[in-house]
Amino acid sequence: MSWLEWLVAVLVVAGSLFVLLGSVALVKLPDFYTRLHGPTKATTLGLGAIVIASMVYFNFIKEELSLQQLLIALFLFITAPITAHMLVKAALHLKLKTAEHTSGKQNADL
Amino acid sequence: MTSIKKWWPTPVRSLFLFLVWILLNNSVEFFHLFFGLVLAWLIPQLIYKFRLVQPGMKNPTAAIRYGLMVLWDIVVANLQVVKLVLGPNKRLRPAFIKVPLDLTDNLSITILASTVSLTPGTVSAEVLPLNASKDEQRFLLVHVLDLADEAELIRQVKQRYEAPLKEIF
């Protein structure tokens, strides 16, 4: 394997690991608000790594110009925080329960 | 000048549409270039009357520097969040905090809120008060996964993210 292939492999594995951990966060964390942190962060980095791996693979190993992946990254960075924002807004509106030891609940009017 | 304005009411948006079209098709064949050009001309023609005028960038270099810094912070924030996720739930100190905003226009507040959501263990929830009048002090309501020191976090958000945004817009 050339070092480029190693790089792609490492990026894909690391990326998948982060996406997996983001999903673990969704299952494991105590309340709706904390669970949101998984998909907004870990998943962004995971998908970012996979996108970079894809770009390296197609541009340098297959040697065909391919920049489409930049769009995936761009839209991901724009949409992930907005999705999270809308979900929190809905949760606050419905006054979903927070984990017991959450501080500053009065700030959120909960 | 007037004819340029008439044909290309929002040149930056046209350029952006054109680039996105080329990237989507992943090809620079004549047909795609031509059709991209048509779309870049037609779409702004149809929609420019609906647009809300946003403030222009005062300082593009600062914007690029900001973008790179945020990318780096996303990586750091991710590692932190992964560590927190793998640790026991009991050790988390979740909290809602209010960050007072100096920014006033919607675009820069949106960018700040998005940045906060993507970085250090925080998700922005709301801009308060909901129906703020023009001169009222506004707050960003932020949910923190693991809060160590409220004042320190507020200072960090203001200094690291809000201050450069004030320079850009």
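The shown structure was predicted, so the numbers you read here are calculated from the model rather than taken from an experiment.

A look at the overall build of chain A
Argument step 1. Within chain A, the secondary structure is distributed over four helices and zero strands.
Argument step 2. Reading chain A from its N end, one meets helices and strands in the order α-α-α-α.
Argument step 3. Radius of gyration (C-alpha) of chain A: 18 Å, far over the 13 Å computed for a compact globule of 110 residues.
Argument step 4. In terms of overall dimensions, chain A has a C-alpha envelope of 55 × 25 × 15 Å along the principal axes.
Argument step 5. Taken over 110 residues, chain A has a buried fraction of 33%.
Argument step 6. Sequence separation of 24 or more characterises 62% of the internal contacts of chain A that already satisfy a separation of 6 or more.

Topic: the interface of chain B and chain A
Argument step 1. Contact with chain B, which involves 31 residues of that partner, is made by 36 residues of chain A.
Argument step 2. Residue assignment for the side of chain B that touches chain A shows that the elements contributing at least two residues are α2 (11-25), α4 (60-86), β1 (95-101), α5 (106-118), β2 (122-128) and β3 (138-144) of chain B.
Argument step 3. Ranked by residues supplied to the side of chain B that touches chain A, first place goes to α4(B) with seven residues.
Argument step 4. A per-class count over the side of chain B that touches chain A returns 21 nonpolar, eight polar and two charged.

Description of the pairing of β2(B)
Residue and element names in this part refer to chain B.
Argument step 1. Counting buried positions along β2 gives five out of seven residues, so the element sits mostly inside the fold.
Argument step 2. Summarising the sheet, β2 and β3 pair through six bridges and their orientation is antiparallel. Paired with Glu126 across the bridge in β3 is Leu141.

A short note on the sheet that holds β2(B)
Argument step 1. An order of β1-β3-β2 (chain B) is seen for the three strands of this open sheet, with the pairing classed as antiparallel. Whereas interior strands pair on both sides, the edge strands pair on one side only; in this sheet they are β1 and β2 of chain B. Mean inter-strand twist for the sheet, computed between neighbouring axes without regard to direction, equals 30°.
Argument step 2. Note that β1(B) and β3(B) share seven bridges and pair antiparallel. Each residue of the ladder has a partner; that of B:Ala95, found in β3(B), is B:Val144.
Argument step 3. Sheet contacts for helix α4 (residues 68-93) of chain A: β2 and β3 of chain B; angle to β2(B), the most-contacted strand, approximately 60°.

Some points on the packing of α5(B) against helix α6 (residues 150-168) of chain B
All names here are of chain B.
Argument step 1. Relative orientation of the contacting elements α5 and α6 amounts to 145°, with a least axis distance of 10 Å. In this structure, the crossing between α5 and α6 has a hand that is right-handed. Along the contact surface, α5 presents Ser108, Ile111, Leu112, Thr115 and Val116, while α6 presents Val157, Tyr161, Glu162 and Leu165.

Some details on helix α3 (residues 37-61) of chain A
Residues and elements named next belong to chain A.
Argument step 1. Taking 1.5 Å per residue, 25 residues should reach 36 Å; α3 reaches 35 Å between its end C-alpha atoms and fits that length.
Argument step 2. Along α3, the sharpest kink reaches roughly 30°, centred on Thr43.
Argument step 3. Just past α3, the residue Glu63 takes up positive phi, approximately 55°.

Section: the nonpolar core
Argument step 1. Counting residues in hydrophobic clusters, the biggest one holds 44 residues, and the most contacted among them are B:Leu140 and B:Val142.
Argument step 2. Once you skip the residues sitting within four places of it in the chain, B:Leu140 turns out to touch B:Val99, B:Leu101, B:Leu112, B:Ala113, B:Val116, B:Ser124 and B:Val127.

Concerning the environment of A:Phe77
Argument step 1. Its location among the elements puts A:Phe77 in helix α4.
Argument step 2. Residues A:Phe77 and A:Val8 lie 69 residues apart in sequence; the distance between their C-alpha atoms is 22 Å.

Some words on the domain arrangement of chain B
Argument step 1. Segmentation of chain B into domains returns domain 1 (2-50) and domain 2 (60-168).
Argument step 2. Its C-alpha centre places domain 1 of chain B at a distance of 34 Å from the equivalent point of domain 2 of chain B.

Structural notes on α5(B)
Argument step 1. End to end, α5(B) covers 18 Å across 13 residues, agreeing with the expected 18 Å (1.5 Å per residue, within 8%).
Argument step 2. Those residues of α5(B) that are buried are in contact with α3 and α4 of chain A together with α4, β2, β3 and α6 of chain B.

Brief notes about the environment of A:Phe58
Residue and element names in this part refer to chain A.
Argument step 1. Topologically, Phe58 is positioned in helix α3.
Argument step 2. On the neighbour-count criterion, Phe58 (18 C-beta atoms within 10 Å) is partly exposed.
Argument step 3. Look past the residues within four positions of Phe58 in its chain and what remains in contact with it is Glu64 and Ser66.

Rules and cut-offs
Residues numbered from 1 in each chain as written. Chains lettered and ligands numbered in written order. Predicted model: local features only at pLDDT ≥ 70, side-chain atom pairs only at ≥ 80, totals over all residues. Helix = DSSP H or I, 4+ residues; strand = E, 2+ residues; numbered from the N terminus. Rg over C-alpha atoms; globule rule 2.2 N^0.38 Å. Buried ≥ 20, exposed ≤ 12 C-beta atoms within 10 Å, placed from the backbone. Contact = placed C-beta atoms within 7 Å. Nonpolar A, V, L, I, M, F, W, Y, C, P; charged D, E, K, R; others polar. Pairing = 2+ DSSP bridges. Axes fitted to C-alpha atoms, helices over the stretch in contact; angles between N-to-C directions. Left-handed = near helix turned anticlockwise from the far one by under 90°. Expected span 1.5 Å × (residues − 1). Bend = angle between axes of the 7 residues up to and from the residue. Core = buried A, V, L, I, M, F, W, Y, C linked by C-beta atoms within 7 Å. Domains from an automatic or database assignment.

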